[in-house]
Amino acid sequence: MLEITDLEKVYSTGDEALKGVSMDVEGEEVVSIIGPSGAGKSTLIRCINRLTEPTAGSIVLDGEDVTTMSKSELRNARRDMGMIFQEFNLVERLTVMENVLSGRVGYISTMQALRRNFPEEDVQRAYEVLDRVGVGGMENKRADELSGGQRQRIGIARAVLQRPKILLVDEPTSALDPETSFAVMELLTEIAREEGIPVLINIHEVELALEYTDRIVGLADGEVVFKGTPDEFDQGARDTIYRAGESREDQSTPGEQVQKQQSASVDISDADRETSY
Ligand SMILES: Nc1ncnc2c1ncn2[C@@H]1O[C@H](COP(=O)(O)OP(=O)(O)OP(=O)(O)O)[C@@H](O)[C@H]1O
């Protein structure tokens, strides 16, 4: 279904975020990517739909290489990839229903989109999906009137309405309290099973990865250092992922780290791409 081979990403700042990552996601499995801060987890997820442009390697989704696609091919391919974000990426001043229906924008003409003229069946399904994710009855509320957990449910509903072939999830619980985090992970994995699609999740909290995912990929300093099931994830694996990252992080001086942060915030080429999704 999704096959990533020798993926590399070097940012314009010179940061080597991914150094030849290979992994795959099959069938209906839920795979988590874990690793210390700066390991390259977000970069990996975002390279898959080219929100971040990979430097080298291939990403094959359902037999098609995403890395070599033209803009219009990529637009079509993105319909197959439902993306769920850490900060929800909702349009705050729009209603819940408008936000959810934006998941269908890739399927209608520009004129229809401008008039927000969605087919009746999309609207009906939006009601059903909103009900399923636990926010039925909130269709006419503005997104900025909702709690974090409710917003993430809308984010999930929007991705599901897209009828994607895979869900890509970037730190879905980082902005949520622990109880809501468990509820959102449960919902996400249940929904994926109901829809019969695989999920790739970048997740900070190891405990959530162990509880809710079928397979774990451990990244440290841009490299895959662990692949296995939650049962195989022992203290040795934990040390490999987190100590490897720590010892490598320690190699740069505090001055170098500040410099890195400053240059990371001005990577215009990648920031631009974020807004064009
Ligand atoms: N836009 C950018 N420009 C330059 N460097 C970047 C950019 N985004 C990330 N990086 C660098 O790439 C490396 C990997 O970052 P990434 O955000 O992918 O890691 P992560 O594992 O998701 O970290 P976290 O868990 O803290 O979000 C880091 O060294 C980071 O500083």
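Bear in mind the structure is a predicted one, so any value in this text is a computation, not a measurement.

Trainee: Mind laying out the nonpolar core, listing which residues take part and the relevant values?
Mentor: Val100, Ala157, Ile166, Leu167, Leu168 and Leu200 are the most contacted members of the largest nonpolar core, which has 67 residues in total. When residues in this core are grouped by element, the largest group, six residues, is from helix H6 (residues 148-161). Those residues in contact with Leu167 that sit more than four places away from it in its chain are Gly82, Ile84, Ala159, Ala192, Ile197 and Val199.

Trainee: I'd like a description of the sheet that holds strand S7 (residues 166-170), backed by residues and values.
Mentor: In space, the six strands of this open sheet follow the order S6-S7-S8-S3-S9-S10, with mixed pairing throughout. Each of the sheet's edge strands pairs with one partner strand only, and the pair in question is strand S6 (81-84) and strand S10 (223-228). Taking each pair of neighbouring strands and ignoring which way they run, the sheet shows an average axis angle of 20°. As judged from the five bridges shared by strand S9 (residues 215-220) and S10, these two strands associate in the antiparallel manner. Residue pairing in the sheet places Ile216 in a bridge with Gly228 of S10. Sheet strands in contact with helix H7 (residues 178-195) are strand S3 (30-34), S7 and strand S8 (199-202), and its direction is about 160° off that of S8.

Trainee: Got a sec to walk through the confidence of the model for the protein? Specific residues and values, please.
Mentor: Across the protein, pLDDT averages 86, with 86% of residues at or above 70. Highest mean pLDDT in the protein belongs to strand S1 (residues 2-10) (98); lowest belongs to helix H11 (residues 268-275) (39). Low confidence marks residues 249-277, where pLDDT is under 50. Its contacts with residues over four positions away, or in another chain, come to 17 contacts. Across the assembled chains, the prediction reports ipTM 0.98 with pTM 0.85.

Trainee: Please provide a residue-by-residue account of helix H5 (residues 120-132), values included.
Mentor: Along its 13 residues, H5 runs 18 Å from first to last C-alpha, staying within 8% of the 18 Å computed at 1.5 Å per residue. Regarding H5, the residues found buried are Arg125, Ala126, Val129 and Leu130. Across the axial projection of H5, the buried residues extend over an arc of 140°, all falling on one side. For H5, exposure combined with an orientation more than 90 degrees from the buried face picks out Glu120, Glu121 and Gln124.

Trainee: Please provide a residue-by-residue account of the packing of H6 against H7, values included.
Mentor: Where H6 contacts H7, the two axes come as close as 10 Å, and the packing angle between them is 15°. In terms of orientation, H6 and H7 fall into the roughly parallel class. Considering only the axes of H6 and H7, their crossing is right-handed. Of the residues in H7, those in contact with Gly148, Gly149, Gln152, Arg153, Ile156 and Val160 of H6 are Thr180, Ala183, Val184, Leu187, Leu188, Ile191 and Glu195.

Trainee: An account of the sheet that holds strand S2 (residues 16-25) is needed here, citing residue identities and associated values.
Mentor: With antiparallel pairing, the four strands of this open sheet are ordered in space as S2-S1-S4-S5. Two strands lie at the open edges of the sheet, namely S2 and strand S5 (64-65), each paired on one side alone. Sheet topology places strand S4 (residues 56-61) next to S5; two bridges connect them, and they run antiparallel. Paired with Val60 across the bridge in S5 is Asp65. Where helix H1 (residues 41-48) meets the sheet, its contacts fall on S1, S2 and S4, and the angle it forms with S2 comes to roughly 60°.

Trainee: With reference to specific residues and values, describe the pairing of S4.
Mentor: Looking at chain direction, S1 and S4 are connected through five bridges and run antiparallel. Counted as the bridge partner of Thr5 is Ser58 from S4. In this structure, the hairpin formed by S4 and S5 is closed by a connection of two residues, where Asp62 is found at a positive phi of approximately 50°.

Rules behind the numbers
Residues numbered from 1 in each chain as written. Predicted model: local features only at pLDDT ≥ 70, side-chain atom pairs only at ≥ 80, totals over all residues. Core = buried A, V, L, I, M, F, W, Y, C linked by C-beta atoms within 7 Å. Buried ≥ 20, exposed ≤ 12 C-beta atoms within 10 Å, placed from the backbone. Helix = DSSP H or I, 4+ residues; strand = E, 2+ residues; numbered from the N terminus. Contact = placed C-beta atoms within 7 Å. Pairing = 2+ DSSP bridges. Axes fitted to C-alpha atoms, helices over the stretch in contact; angles between N-to-C directions. pLDDT = per-residue confidence, 0-100. Expected span 1.5 Å × (residues − 1). Arc of directions from axis to C-beta. Parallel < 35°, antiparallel > 145°, perpendicular 65-115°, else oblique. Left-handed = near helix turned anticlockwise from the far one by under 90°.

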